[in-house]
Amino acid sequence: MLQYFDPGTLNRGTGNRGTGGLNPDIYYGTQPSTSETLVSLSIDGTDIAVPEGTSVLRAATLAGINIPKLCASDNLEAFGSCRLCAVEIEGRRGYPASCTTPVSEGMAVTTQNGKLAKLRRNIMELYISDHPLDCLTCPANGDCELQDVAGAVGLREVRYGFEGENHLDVEVDDSNPYFSFDPSKCIVCSRCVRACEEVQGTFALTIDGRGFDSKVSAGQNDPFMDSECVSCGACVQACPTSTLMEKSVIDAGQPEHSVVTTCAYCGVGCSFKAEMKGDQLVRMVPYKGGDANHGHSCVKGRFAFGYATHKDRIKEPMIRDSINDPWKVVSWEEAIEFSARKLKDTQARYGRESIGGITSSRCTNEETYLVQKLIRAAFGNNNTDTCARVCHSPTGFGLKTTMGESAGTQTFDSVMKADTIVVIGANPTDAHPVFASQMRKRLRQGAKLIVIDPRRIDLLKTPHGTEGIHLPLRPGTNVAMINSLAHVIVTEGLEDKTFIESRCEPAQYKQWREFIAEERHSPEALEAVTGVSADLVRQAARAYGEAGNGAIYYGLGVTEHSQGSTMVMGIANLAMATGNIGREGVGVNPLRGQNNVQGSCDMGSFPHELPGYQHVGDPAVRARFQEAWNVAIDDEPGLRIPNMFDAAIAGSFKAMYVQGEDIAQSDPNTQHVEAALSSLDCLIVQDIFLNETAKYAHVLLPGSTFLEKNGTFTNAERRINRVRKVMAPVAGMEDWEVTMALSNALGYPMQYRHPSDIMDEIARLTPTFTGVSYDKLDELGSIQWPCNDEHPDGTPTMHTLDFPIGKGKFAVTEYVASEEKTNRKFPLLLTTGRILSQYNVGAQTRRTENSQWHQEDVLEVHPSDAELRGIREGDWLGITSRVGQTVLRARISDRMLPGVVYTTFHHPGSGANVITTDSSDWATNCPEYKVTAVQVEKVSQPSEWQRHFEQFDQRQQGLLEPSASHMEQPDATALK
């Protein structure tokens, strides 16, 4: 007997090693069954065994038998509308659809005979009778399922003419910038509608009308751009014809080869097939074998890749002596020599500690590792930091303190086993949209939702999901809220005493329990602080405490506070107190913002930690790195980013190397950052565009996009994914090669031939990466660290038996009100966040058609606050804080409570961070972006900072112009 075991998971990665050996490039027709009971049957004389509940269609595909199909897809529920997959089953009447027919013991199936062939041809004839016969000029020619099935069933002629009523002249909808909708090609298979519902969870599409009048409709017959469509691409991917087609394919033609790589946008870490035509990227198709996304995508990863070939790309190295000088295009050799000389001269004049660098959360693990190694080994100090300082550094501190590891505990798939989902200070549908779709699927299945956020997020209106509980707390009162939730857990006996006694430190638990049980932490006592009714808090606490599995997901609305670290510890306390650690469906899960925030932390970017979170003060740790690197390593932590800025203004910090970060736009108190950058004698920026930081630079080294390099990213679930080069770097060098060249010029030798060599070194020095290699990544597809002798294939779920520190440590979390308080002069609280179409500082997405959805940052104001100030939709508003002023357009919104205003920070001229202060987390210096006291009033002109910004921007763009007469592509071979 030829047996197949299909456990319900697709192949893990490109190595095709996944359980059952399933190939991610094959579509199996229907979704897998998770049953462990095997059923034996015969299909066309082939004996097979598959899990109970498997469809006949899937069983046949597993056996290598192809049954024609059009409405079926293995990421959708079986539908049974096209009837092409009809089969004969011994002992049954008629011709049942194999997609909706489950296997049964002893079943004998016939998939091919004369009657079935005739039936399929007749069905296909009806489809083709109302379909344009323009295959030779159709953009889907060669990649059309309708065309393939017509050939497979042997259709050679169509007896029905086009004389009667048809749909051949229906108007094409070209409103979406990335894909077109041609209803004349539609066969109404409903795959697009079902993908929008089941995969994306937006429910933007529907089948309008009945019978012959049935048609796919976006909303109420709206153009796609005017509907609720979020342009995730699920409908385009599901379409079996050219009805929904990427405009890039229409323009360029069908791709002819592909490379599997990892998206470089958010922390979900989606896998994509970059489909190419020669060296031209035609489209990005979500890869079904991707363990983080399972073949789904969002508008950014799917479509917003045009920035990689944008005319603004920096393609040659440039240098200048002053930021008031024009840029001079030079060779790579001259740029590297100029940079090295500047750094050496600075240290000779001001001392070893006078220089430092910032690693990138957008670059690969290997590139980040090299930058911190360059700083420690070639610069001779620990003045290294990363953007995680200003986003998730409290995650590292808080989780390390309580549970012993600076990372989330679960896989994304774990949410599908959660009974109650708590989302704190995060907006998954905008910032982590692919994971949000999975979360919404679980909510539609009945999981409860609790959202703790000053603003009402879209997750709360999940179509067909359970009604969520929203705790709209006042910005800055997170710790008060988590304490009140924990108070209910403790005083109402909702603790998991077995977990606590076996897994947690008893003395610390006792101290915490006595603290949290005090009446001052009750929801009633803290109601005036948080602004949330005690009854609602108690309802939420019970929903989490009584859940079989309770999972917590949090974002920057937790960490970017003066008590960010305290709040992370409070979340860990709550999870440990209820036993929601160490299995699927539970956990504490930070949603990382950028693609490699987790990796940049793992790679030792912080001034006090070497790779793998190993403290520089530990002699044994330092000895291992010193032996491997053949250099002495400073035992004292270096400067954090805020310290670098302060020291630069004070005159003791004089040079900085910044790889792939735009600190002038992303860091708080912009004018303070600009003053610091202006004080530097040498600023070296390595990036793909002339970003806001690069305008203060003396050296501009061209960066490479994720499409132009090899390496790895680590996503928010600790998943290490391969990044594979799709095209040659436009400037001739990958980022790791540039860092290596600079190190060699400084006199510290680095000789790597490939990023895999760097990963091998990381594995030798980092206990959690011991088992990681490119060969293993290619075999498994991805790996979640820790990966070592104890966990050779990685660790999907952390802390299953114990914690790295032995037992969990409860931490006392005293609520301390933010120093940023409202008063008569500044009566409103500003909080900030992100939007779906844009990414971080917008340097990439603003150079794509995504700007059609978000052309400017606006200020959301509650109707009552707007009425008090006479503000109407679209008015220009001056927003003034204690440190600055900017001007944004008004949007009237009731998503926030009165007294709270909200904006995004994707456009540099908006100046959102001009008004955020440098107040920061007590433990990590993570800025308090989420709480800024402001006043808002109608104005008629830009702020003084915005006028200065515009002038400075125009001057710097002008200084770049002489370099536009591009010299020949520089030869980088001498530096490799």
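Because the structure is a prediction, the values reported are computed rather than measured.

It is not clear to me how the layout of surface pockets should be interpreted in this structure. Could you clarify?
The volume enclosed by the second largest pocket comes to roughly 1,200 Å³. Forming the boundary of the second largest pocket are 41 residues, of which Val230, Asp430, Asp458, Leu836 and Arg895 lie nearest the centre. Contributing elements (two or more residues each) for the lining of the second largest pocket: α11 (428-431), α12 (433-444), β30 (858-861) and β33 (900-904). Its residues assigned to classes, the lining of the second largest pocket shows 16 nonpolar, 13 polar and 12 charged.

Before we go on, may I ask you to explain the sheet that holds strand β25 (residues 699-702) in this structure?
Sheet strands pair via backbone hydrogen bonds, and the direction of the pair is either parallel or antiparallel. An order of β13-β12-β25-β24-β23-β14-β15 is seen for the seven strands of this open sheet, with the pairing classed as mixed. Because the sheet does not close on itself, it has two edges, and the strands there are β13 (328-329) and β15 (384-386). Bridge count between strand β12 (residues 318-319) and β13: two bridges; the pairing is antiparallel. For Ile319, the partnering residue across the bridge sits in β13 and is Lys328. Where helix α8 (residues 332-350) meets the sheet, its contacts fall on β12, β13, β14 (355-359), β23 (655-659), β24 (682-687) and β25, and the angle it forms with β25 comes to roughly 135 degrees. Along the sheet, helix α22 (residues 641-650) contacts β14, β15 and β23; its crossing angle with β15, the most-contacted strand, is approximately 120 degrees.

Just checking my understanding: could you explain a nonpolar patch on the surface for this structure?
A surface patch of nonpolar side chains, amounting to about 260 Å² of accessible area, comprises Leu126, Val158 and Tyr160. Here Val158 is to be found in the loop between α3 (145-152) and β5 (179-181). With a relative accessible area of 31%, Val158 lands in the partly exposed category.

Mind showing me how you'd approach the confidence of the model for the chain here?
The predicted coordinates ought not to be read in detail in places where the model reports low pLDDT. Confidence in the prediction of the chain, expressed as mean pLDDT, is 93, and 96% of residues score 70 or more. Below a pLDDT of 50 lies the segment residues 9-20, which in the model reaches 46 contacts outside its immediate sequence neighbourhood of four places, other chains included. A low-confidence stretch, residues 964-976 stays under pLDDT 50, and its non-local contacts, those more than four residues away or across chains, total 26 contacts.

Sorry if this is basic, but what is going on with the pairing of strand β19 (residues 550-554) here?
On a regular strand, one side chain projects to one face of the sheet and the next to the other, so that they alternate. Burial of β19 is extensive: five of the five residues sit out of reach of the surface. Burial of β19 is two-sided: the residues Gly550, Ile552 and Tyr554 facing one way and the residues Ala551 and Tyr553 facing the other way are all buried. Strand direction decides the pairing type here: strand β16 (residues 420-424) and β19, joined by five bridges, are parallel. Opposite Val422, over in β19, you have Ile552 as the bridge partner. Relative to strand β20 (residues 588-590), β19 is paired through three bridges, and the arrangement is parallel. Looking across to β20, one finds that Tyr554 is bridged to Pro590.

Any chance you could explain the packing of aromatic side chains here in plain terms?
Working definition: an aromatic ring pair is given by the centre-to-centre distance plus the angle between the planes. Scanning the model with the defined rule gives 19 aromatic pairs in all. Centroid distance Tyr265 to Tyr307: 6.1 Å. Interplanar angle 65 degrees. Geometry classified as edge-to-face. Here the residue Tyr265 occupies a position in the loop between β9 (257-262) and β10 (271-277), and Tyr307 occupies one in the loop between α7 (299-303) and β12, the gap between them amounting to 42 residues. Taken individually, Tyr265 and Tyr307 each receive the classification buried, so the pair is uniform in this respect. In this structure an aromatic cluster arises from ring pairing among Tyr178, Phe179, Phe181, Phe224, Phe303 and Trp853. Lying across the ring of Tyr902, Arg455 places its NZ or CZ 3.9 Å from the centre.

Just to check I follow, could you spell out helix α2 (residues 114-128) for this structure?
Every α-helical turn comprises 3.6 residues, leaving residues that sit three or four positions apart pointing alike. Over its 15 residues, α2 extends 21 Å from the first C-alpha to the last, a length consistent with the 21 Å expected when each residue adds 1.5 Å. Residues of α2 that are buried include every one of Leu116, Arg120, Ile123, Met124, Glu125, Tyr127 and Ile128, and no others. Of the surrounding elements, those touching the buried residues of α2 are β3 (88-89), β4 (107-110) and α3. Two or three places before Lys115, at the opening of α2, Asn113 has a side-chain oxygen 3.1 Å from that residue's backbone nitrogen.

Could you clarify how one ought to interpret the side chain of Gln956 in this entry?
Examined against the element boundaries, Gln956 turns out to sit in helix α30 (residues 944-960). For Gln956, a relative accessible area of 0% corresponds to the buried category. For Gln956, the side chain forms a polar contact with the main-chain oxygen of Ile323, separated by 2.9 Å. Dropping the residues within four chain positions of it, Gln956 is found in contact with Arg320, Ile323, Leu690 and Lys695.

Can you help me understand the nonpolar core in this one?
A general tendency of soluble globular proteins is for nonpolar side chains to be buried together. Counting residues in hydrophobic clusters, the biggest one holds 69 residues, and the most contacted among them are Phe179, Leu244, Ile421 and Val423. Residue contacts for Leu244: discarding those within four places in its chain leaves Phe179, Ser180, Phe181, Cys192, Phe224, Cys235, Val236 and Cys239. One finds Cys391, Val616, Met733 and Phe769 within the second-largest nonpolar core, a separate group that totals 65 residues.

So what exactly am I meant to see when it comes to the sheet that holds strand β1 (residues 38-43) here?
On the basis of which strands lie adjacent, the open sheet formed by four strands has the order β2-β1-β4-β3 and mixed pairing. The open sheet has two edge strands, β2 (46-51) and β3, and neither has a second partner. Taken together, the six bridges between β1 and β2 define a ladder with antiparallel strand orientation. If you follow Leu38 over to β2, its bridge partner there is Pro51.

What am I meant to see in empty space enclosed by the protein here?
Remark: the empty space left among the atoms is shown by a probe the size of a water molecule rolled over them. Counted according to the given criterion, the structure contains 13 cavities of 30 Å³ or more. Reported here for the largest cavity is a volume of approximately 610 Å³. Leu556, Glu560, Thr832, Gly833 and Lys930 are the residues nearest the centre of the largest cavity, which is lined by 38 residues in total. Of all the elements in the fold, those that place two or more residues in the lining of the largest cavity are α18 (556-559) and β29 (828-833). Tallying contributions element by element places β29 first for the lining of the largest cavity, with three residues. Within the lining of the largest cavity, the residues separate by chemical class into 17 nonpolar, 15 polar and six charged.

Cut-off values and rules
Residues numbered from 1 in each chain as written. Predicted model: local features only at pLDDT ≥ 70, side-chain atom pairs only at ≥ 80, totals over all residues. Heavy atoms only, no water. 1 Å grid on protein atoms, 1.4 Å probe; cavity = no way out; pocket = protein on both sides within 12 Å on 5 of 7 lines; lining within 4 Å. Points joined across faces, edges and corners; volume = space filled by probe spheres on them. Helix = DSSP H or I, 4+ residues; strand = E, 2+ residues; numbered from the N terminus. Nonpolar A, V, L, I, M, F, W, Y, C, P; charged D, E, K, R; others polar. Pairing = 2+ DSSP bridges. Contact = heavy atoms within 4.5 Å. Axes fitted to C-alpha atoms, helices over the stretch in contact; angles between N-to-C directions. Patch = residues over 30% accessible without salt bridge, like charges linked within 9 Å, V, L, I, M, F, W, Y side chains within 5 Å. Areas by Shrake-Rupley, 256 points an atom, 1.4 Å probe, with all protein chains shown as cover. Salt bridge = Lys/Arg side-chain N within 4 Å of Asp/Glu carboxyl O. Buried < 20%, exposed > 50% of the residue type's maximum accessible area, 1.4 Å probe, protein only. pLDDT = per-residue confidence, 0-100. Phe/Tyr/Trp six-rings, centres within 6.5 Å; stacked < 30°, edge-to-face > 60°. Lys NZ or Arg CZ within 6 Å of the ring centre and 35° of its normal. Expected span 1.5 Å × (residues − 1). Polar contact = N/O pair within 3.5 Å; in protein donor to acceptor, adjacent residues only side chain to side chain. Core = buried A, V, L, I, M, F, W, Y, C linked by side-chain atoms within 4.5 Å.

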